[in-house]
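Per-entry structural report
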There are 2 protein chains.
Amino acid sequence: MKRCILTLVVTALLAPAACADEGMWLFNAPPRKLLKEKYGFDPTPQWLHHVQRSSVRFDNGGSGSFVSADGLVMTNHHVGADCLQKLSDEQHNYLKEGFYARTHAEERRCPDLTLSMLLDIKDVTDQVNAVIKPEMNPQQAFSARRAVISRIEKEASNSKTHLFANVITLYQGAKYNLYVYRKYLDVRLVFAPEQQTAFFGGDPDNFEYPRYDLDICFFRVYENDTPAHIKDYLRWSKNGAQKDELIFVSGNPGRTDRLDTMARLRYLRDDGVPYLLERLYRLEVLLTSWGARSEENARRARELLFGVQNSRKARYGGLLGLMNPAIMAKKLAEEARLRHAAETMPALKGTAAAWPRIAGAQKVMFSHLRRFTMLETAAGFNSTLFRMARILVRAAEEKAKPNGQRLREFVESNLPLVEIQLFSKEPIYTDFEELKLSDSLMYLEEQLGHSDPLVRKVMADKSPQERATELVRGTRLGDVAVRRQLYEGGLKAIEESQDPMIQLARLVDPESRKLRDIIETQQEIERQGYAQIAKVKFALEGTSTYPDATFTLRLSFGTIKGYEQLGQHVPFETHFAGLYKRAEGHHNLPPFDLPRRWVENKDKLDMSTPFNFVCTADIIGGNSGSPVINKDAEVVGLIFDGNIQSLVLDYIYTEKEARAVAVHSQAIPEALRKIYDANDLADELTGQRHAQRAARAGR
Amino acid sequence: MKRCILTLVVTALLAPAACADEGMWLFNAPPRKLLKEKYGFDPTPQWLHHVQRSSVRFDNGGSGSFVSADGLVMTNHHVGADCLQKLSDEQHNYLKEGFYARTHAEERRCPDLTLSMLLDIKDVTDQVNAVIKPEMNPQQAFSARRAVISRIEKEASNSKTHLFANVITLYQGAKYNLYVYRKYLDVRLVFAPEQQTAFFGGDPDNFEYPRYDLDICFFRVYENDTPAHIKDYLRWSKNGAQKDELIFVSGNPGRTDRLDTMARLRYLRDDGVPYLLERLYRLEVLLTSWGARSEENARRARELLFGVQNSRKARYGGLLGLMNPAIMAKKLAEEARLRHAAETMPALKGTAAAWPRIAGAQKVMFSHLRRFTMLETAAGFNSTLFRMARILVRAAEEKAKPNGQRLREFVESNLPLVEIQLFSKEPIYTDFEELKLSDSLMYLEEQLGHSDPLVRKVMADKSPQERATELVRGTRLGDVAVRRQLYEGGLKAIEESQDPMIQLARLVDPESRKLRDIIETQQEIERQGYAQIAKVKFALEGTSTYPDATFTLRLSFGTIKGYEQLGQHVPFETHFAGLYKRAEGHHNLPPFDLPRRWVENKDKLDMSTPFNFVCTADIIGGNSGSPVINKDAEVVGLIFDGNIQSLVLDYIYTEKEARAVAVHSQAIPEALRKIYDANDLADELTGQRHAQRAARAGR
């Protein structure tokens, strides 16, 4: 998901919020009343069930949908980019050149990509809260909660039938739902355009509109080495997205902070976001300058650089929102309303303490921010090899513990996913590892101080650069077989290992775990506080609201319409013709250059085909790759971005100018047929393949 | 000056330092003994006088030399870049395309460039120190010192005869010398190649070797609207730089920290340099992403971006040096030796207190680092218009005071230079100003905190972006006439001004000045401490040493020779042929692409012409544009860079791998004639123009 800078959003905030197209709704609590009142549409349980099961989550951070009975999955190019990067090598740059498998046999399995389809949802709030006793301190409460959640998840999971269960914390801790997923672990690449087409306009156009991006990518899920048969999948709309039409977006928004207290928002504004941006600036410069040295360097750094730039632009825009006094004043007024109710309504007795408790937790978390980020988030050890080492070290320790006492990521039901990551055949480049590790060790020393005892031990009397070289050239963890051996060898193998990266991970782990413990305890305090605040909210507004985003499946809705920007009307859609015009306007210079195929096949294209469009649906990072569907649950578009005015949606919804940006459904088969000679794929998408088969069978 | 990352320098540090080519020597204390012993060469007073007066300082941060009797000045392209940027507009991009004036009439005057030729040096240490009484506290001492220095400078200056005097603090405060300069205020652009040629290889190749850069630029100084007649100028060598030859570099190294105490070095390593790098990363991302939006944006941001990238790479390499335990151990041993002497030698009684006093000053300075950087260094107000506003506000206040009490930059003898800056016709772009100011106001809020009272006043209840827009669009300071009016109107005009940028500068000024006062007081403590340490050093080593660099004229020496890098020998010189080979190796992709002229005129070039070379001379940022001369004071090259191993020279000299990088003298006329059809300029340089004239006159 991508996004940036807002200014005139302020006036929008003063408009009445009633009946806005706001909300990332739970599939088990859809906004039926709102939809009926505003749009006269009432989604049936069957409609919801079908859309839910047609949607998939890309576990590496995006959304997608089934678009054929044969397991075809549609998402964004920038969601598929991680796989494209990992399948590429010195000879094949699929990220840059694109990819098309004309037969199933040519489809390439992604090294570590997994997809999740949400089968069922069950409320387990009472079950989770039952284990928390009044006499427990936050640390004890956290342990008890972790244990019960691990138990619930284990009971509902079954790796043989690919069922993976997750207890999701909603409303920051007011509710717990059990989500049971069908996981797909064999995901293969079918089609990707050139990155230059998918991301035409590059960083400058990212989070902007009008746009001209074919940000699409297709995968196929497999079962037993054959394409999976899919019951619920989305049909392709004949007419595509129409102006002023009611549409829905089904996807997995990653994280919002709309219910956050002022204390939390201030923390994000004053410390959290600026500190993250500082790291992003540093990484962007590191990757850009190293990438400029050669084409091959640029290829190796490409995916990571894209992610860094994307986050940087999104966070920058969000921070400008937090620094906007008008937005914060609105937030403050809302909090005052809730706190007043908490203090005065007898039924809410005791809830008013939630705010100071949450504020206290922010302070404790802030006091550990640097060390936590450097050690546990591993910003001081930016290296794939270190990540592997830490997984190995922790897996050995955690697997020796009872399930309920393990770190979340190592509970029984999650181990298959850990193994997929650990045994991934993704290429690891020594020079790139040295670059990232050297710079991050330097950052570690800057952040924690030269004379910090742990820093001195990490550096082993060397400069950061020398130390990084020694670690990367000395470790054997680049070899999957070595990792497998260590994983299977358990604690003993780890303790006896002479591998320098394993030893480094072991050196850092005690303090890193201690910090995680501190932060998780504070998060427990937050959760309990937010559960109280939710009680206040529910008392005032009823339960017909939606929780903050949690990278789980949600339903958003809205209409397809343009907006006003600096006094100018921005139309709701663009066309292929606009793409060529924009490229010409920039003399075809990067990032506004067209790939060869688009130049050569220009005349074949119907220039009036709608290309991108905007709608008011409430989305955020993680929604990338979400299908845009109409009332008949047909695909009319594919979400890939938000405009610059949407960057504030992390904290507050506005529909005056904020828009979700999508690829128009009609652009996809048109480009597949005319530019990429991919008629089979276009047929499969649009249902013509089935129609043809049926017709052939009928003859 | 440009430079990066060292690793193997450590071993070099263990080699004996005796008789190394170390030193940035004062012209009034040249290393005659050392030169005689090592090279059997003894520069005469006439030789020194001639070289000194043939050298010029580019006051905006570089070095240069007179290379003809008609005022022709040679420097680097990246030193001239500031003027090239300011002379360019939407229609003319001289920075990118280059410039050549075929006649004097076509030479273009730089908006605010001034050059300084060092006429005379006089020791005024006793005179300066005489005003410091034992009973004075550091603040009083600073005021007294400032007053006497301003008086000495005023007495020795004469703006009518273009004499500008500066008292230079040497050995961090052990000595004071009066430097009397002849200033040239009318400097005109004669020739510049394309930036792509001057900076071939871009950021990746910056501070690296082998290199292929024609980093040259020519100016001409004028008097009374005609080319100045120059008595002392450097002749062109017939043979150019030869392997193993003794050479000299006469230029203005900007700043080194070799005499710094451990307390100071630790401060730089732990706080000073990381904090500066953080700002540079932020600026680089800001300028790069904005520049990517259009060619015109890129043009506007070009010069600033180059400076930011150049500093970032240099500082990064320097910081890696400070983080190298071997280097710091050597520094520590040296300090221990001095401290031991201070504590034990009777003649040095009292000097041992210097170290803790300097350490104390570091602590105080660190405690004000953020606020000082944001307010007084104006990192929170990154805008040319704000800079103009501050000059106006302060000039009005300072000019009303007696000369001795003014801030350094506003004493009588400096006012003509202030006016040149203030009335510069450099273009100021509204969009670029908004970009920089918006981002820096955001940074201000991040750094000083949202609720800081001054920050709240600065923001005036707006978001940083809204506030920047309001300030930039509201101010009239973009107009030189408005600035002149305000300057001439004095205090009254400033106080009555409704200009929002003037009002902002006034708002910030009281606290900003207070911070400056604090820092300058600590610097006085440092100076007094270093004077004591210098006493210790002189007692142990005699006075035959050189002070840290102060952006004043120094003489370095060395030999032309290659070095070993990672087990490979790096030859001392490159040739034109190598340039074409390197461009081909990178498929002519930026930053390894050749300008059109170089492609079209390739066949005319003698490919075996030496292009760049390295030598052991001790240089640093500020030396850019320094001539490399032989024993006969003839030009054999032009310094433009140091290699990556030289980035540690800020703190410690090493000649094992660290090298200065220069353009070979023979490459310059060859390129001028064959690529640029600039025979007249080549003739003037090489003395053939005079020879032709003489020949013609003789006929």
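None of these values were measured; they are calculated from a predicted model.

1. Concerning the nonpolar core
The biggest cluster of nonpolar side chains holds 146 residues, and the ones touching the most others in it are F381(A), L444(A), M501(A), F381(B), L444(B) and M501(B). Setting aside residues no more than four positions away along its own chain, L444(A) makes contact with M374(A), L375(A), G380(A), F381(A), G449(A), V455(A), V458(A) and M459(A).

2. Quick look at the environment of K602(A)
Residue and element names in this part refer to chain A. Take K602: it is sitting in the loop between α23 (596-600) and β19 (610-615). Remark: the alpha-carbon pair of K602 and I675, spanning 73 residues in sequence, is separated by 7.8 Å. Those residues in contact with K602 that lie beyond four places of it in its chain are Y580, E584 and M607.

3. Let's talk about the interface of chain A and chain B
Many structure descriptions define interface size as the accessible area lost when the parts assemble. Residue-level contacts link 46 residues of chain A with 46 residues of chain B. At the boundary of chain A with chain B, the tally comes to 2 salt bridges. Close ionic contact of E208(B) with R293(A) constitutes a salt bridge, the shortest N to O distance being 2.8 Å. Inspection of the region where chain A meets chain B yields 8 residue pairs in polar contact (both at pLDDT 80 or more). Taken together, the residues that form the side of chain A that touches chain B break down as 19 nonpolar, 9 polar and 18 charged.

4. Quick look at the relation of the copies chain A and chain B
Both copies of the chain are related by a screw-like operation: a rotation about an axis and a shift along it. Of the two same-sequence chains, chain A is brought onto chain B (RMSD 0.0 Å, axial shift 0.0 Å) by a rotation of 180°. Such values leave the two copies arranged in the relation of a two-fold axis. Taking C-alpha positions as the reference, the residue of chain A nearest the rotation axis is Y281(A), at 2.8 Å. Comparing interface residues between copies, 100% of those in chain A also lie at the interface in chain B; the contact surface is shared.

5. Some points on the state of the cysteines
All names here are of chain A. A full pass over the atoms with the stated rule returns 2 disulfides over all chains. Here C83 engages in a disulfide with C110; their sulfurs sit 2.3 Å apart. Judged by the sign of its S-S torsion, about -85°, the cystine formed by C83 and C110 is left-handed. Note that C83 is positioned in helix α4 (residues 77-87) and C110 in the loop between β6 (108-109) and β7 (115-123), a separation of 27 residues in sequence. Residue C83 shares its accessibility class with C110, and that shared class is buried. Sulfur of C217: no disulfide; nearest cysteine sulfur belongs to C83 and is 7.4 Å away.

6. A few points about the pattern of salt bridges
In the structure shown here, the tally under the stated rule is 131 salt bridges over all chains. One network of salt bridges, with partners in common, ties together E376(A), R394(A), E397(A), E398(A), K401(A), E409(A), D509(A), R513(A), R516(A) and E520(A).

7. A closer look at the pairing of strand β15 (residues 554-559) of chain A
Residues and elements named next belong to chain A. Among the 6 residues of β15, 6 are classified as buried, and the element is accordingly described as predominantly covered. Side chains of β15 alternate between two faces, with R554, S556 and G558 and L555, F557 and T559 buried alike. Bridge count between strand β14 (residues 246-251) and β15: 6 bridges; the pairing is antiparallel. When the bridges of β15 are listed, V249 appears paired with S556.

8. Some points on helix α19 (residues 464-474) of chain A
Those residues of α19(A) not exposed but buried are P464(A), Q465(A), R467(A), A468(A), L471(A) and V472(A). The arc that holds the buried residues of α19(A), viewed along the axis, is 160°, so those residues lie on one side. Buried residues belonging to α19(A) abut α15 (384-399), α17 (430-448), α18 (453-459) and α21 (500-541) of chain A together with α11 (295-322) of chain B.

9. Comments concerning the packing of aromatic side chains
All names here are of chain B. Considering all chains together, one arrives at 40 aromatic pairs over all chains under this definition. Ring geometry for W47 against F248: centres 4.9 Å apart, planes inclined by 65°, an arrangement best described as edge-to-face. Residue W47 is found in helix α3 (residues 45-54), and its partner F248 is found in strand β14 (residues 246-251); the two are separated by 201 residues along the sequence. This pair shows no difference in class: W47 is buried, exactly as F248 is.

10. Re helix α16 (residues 415-422) of chain A
Residues of α16(A) that are buried: L415(A), V418(A), I420(A) and L422(A). Each element contacted by the buried residues of α16(A) is listed here: α15 and α20 (480-496) of chain A.

11. Concerning the domain arrangement of chain A
All names here are of chain A. Domain boundaries assigned for chain A yield domain 1 (8-114 + 185-257 + 547-692) and domain 2 (262-534). Taking the mean C-alpha position of each, domain 1 and domain 2 sit 29 Å from one another. For the pair domain 1 and domain 2, the summed buried area comes to about 3,000 Å², and 58% of that belongs to carbon and sulfur atoms. At the surface where domain 1 touches domain 2, the tally comes to 4 salt bridges. Between R312 and D203 there is a salt bridge, and its shortest N-O distance comes to 3.2 Å. Linking domain 1 to domain 2 there are 14 residue pairs in polar contact (both at pLDDT 80 or more). Counting only elements with at least two residues in the side of domain 1 that touches domain 2, the list comes to α1 (9-14), α4, α5 (94-97) and α9 (202-205). When the residues that make up the side of domain 1 that touches domain 2 are grouped by side-chain class, the tally is 14 nonpolar, 7 polar and 12 charged.

12. Considering the packing of helix α7 (residues 138-156) of chain A against α21(A)
When two helices pack together, their arrangement is given by the angle between their axes and by how far apart the axes lie. Residue and element names in this part refer to chain A. Orientation of α7 relative to α21, taken along the N-to-C sense of each, is 85°, at an axis distance of 9 Å. Judged by the inter-axis angle, α7 sits roughly perpendicular to α21. Between α7 and α21, the contacting residues are P138, Q139, A141, F142, R145 and R146 on the first element and D517, E520, T521, E524, I525, R527 and Q528 on the second. Of the residues assigned to the contact of α7 with α21, the class counts are 4 nonpolar, 3 polar and 6 charged.

13. Section: the pairing of strand β2 (residues 55-58) of chain A
Note on strand geometry: in a regular strand, side chains alternate between the two faces of the sheet. All names here are of chain A. Burial of β2 is two-sided: the residues S55 and R57 facing one way and the residues V56 and F58 facing the other way are all buried. In this structure, β2 lies alongside strand β3 (residues 62-66), joined through 4 bridges in antiparallel fashion. Within β3, the position partnered with V56 by the bridge is G64. Here β2 hands over to β3 after 3 residues, with G61 in that stretch at a positive phi of 130°. Note: β2 against β7, 2 bridges, orientation antiparallel. The partner of F58 across the bridge, within β7, is L115.

So, how was this worked out
- Residues numbered from 1 in each chain as written.
- Chains lettered and ligands numbered in written order.
- Predicted model: local features only at pLDDT ≥ 70, side-chain atom pairs only at ≥ 80, totals over all residues.
- Heavy atoms only, no water.
- Core = buried A, V, L, I, M, F, W, Y, C linked by side-chain atoms within 4.5 Å.
- Buried < 20%, exposed > 50% of the residue type's maximum accessible area, 1.4 Å probe, protein only.
- Contact = heavy atoms within 4.5 Å.
- Helix = DSSP H or I, 4+ residues; strand = E, 2+ residues; numbered from the N terminus.
- Salt bridge = Lys/Arg side-chain N within 4 Å of Asp/Glu carboxyl O.
- Polar contact = N/O pair within 3.5 Å; in protein donor to acceptor, adjacent residues only side chain to side chain.
- Nonpolar A, V, L, I, M, F, W, Y, C, P; charged D, E, K, R; others polar.
- Least-squares fit on C-alpha atoms with pLDDT ≥ 70 in both.
- Disulfide = S-S within 2.5 Å.
- Pairing = 2+ DSSP bridges.
- Arc of directions from axis to C-beta.
- Phe/Tyr/Trp six-rings, centres within 6.5 Å; stacked < 30°, edge-to-face > 60°.
- Domains from an automatic or database assignment.
- Buried area = accessible area lost by both parts, 1.4 Å probe.
- Axes fitted to C-alpha atoms, helices over the stretch in contact; angles between N-to-C directions.
- Parallel < 35°, antiparallel > 145°, perpendicular 65-115°, else oblique.

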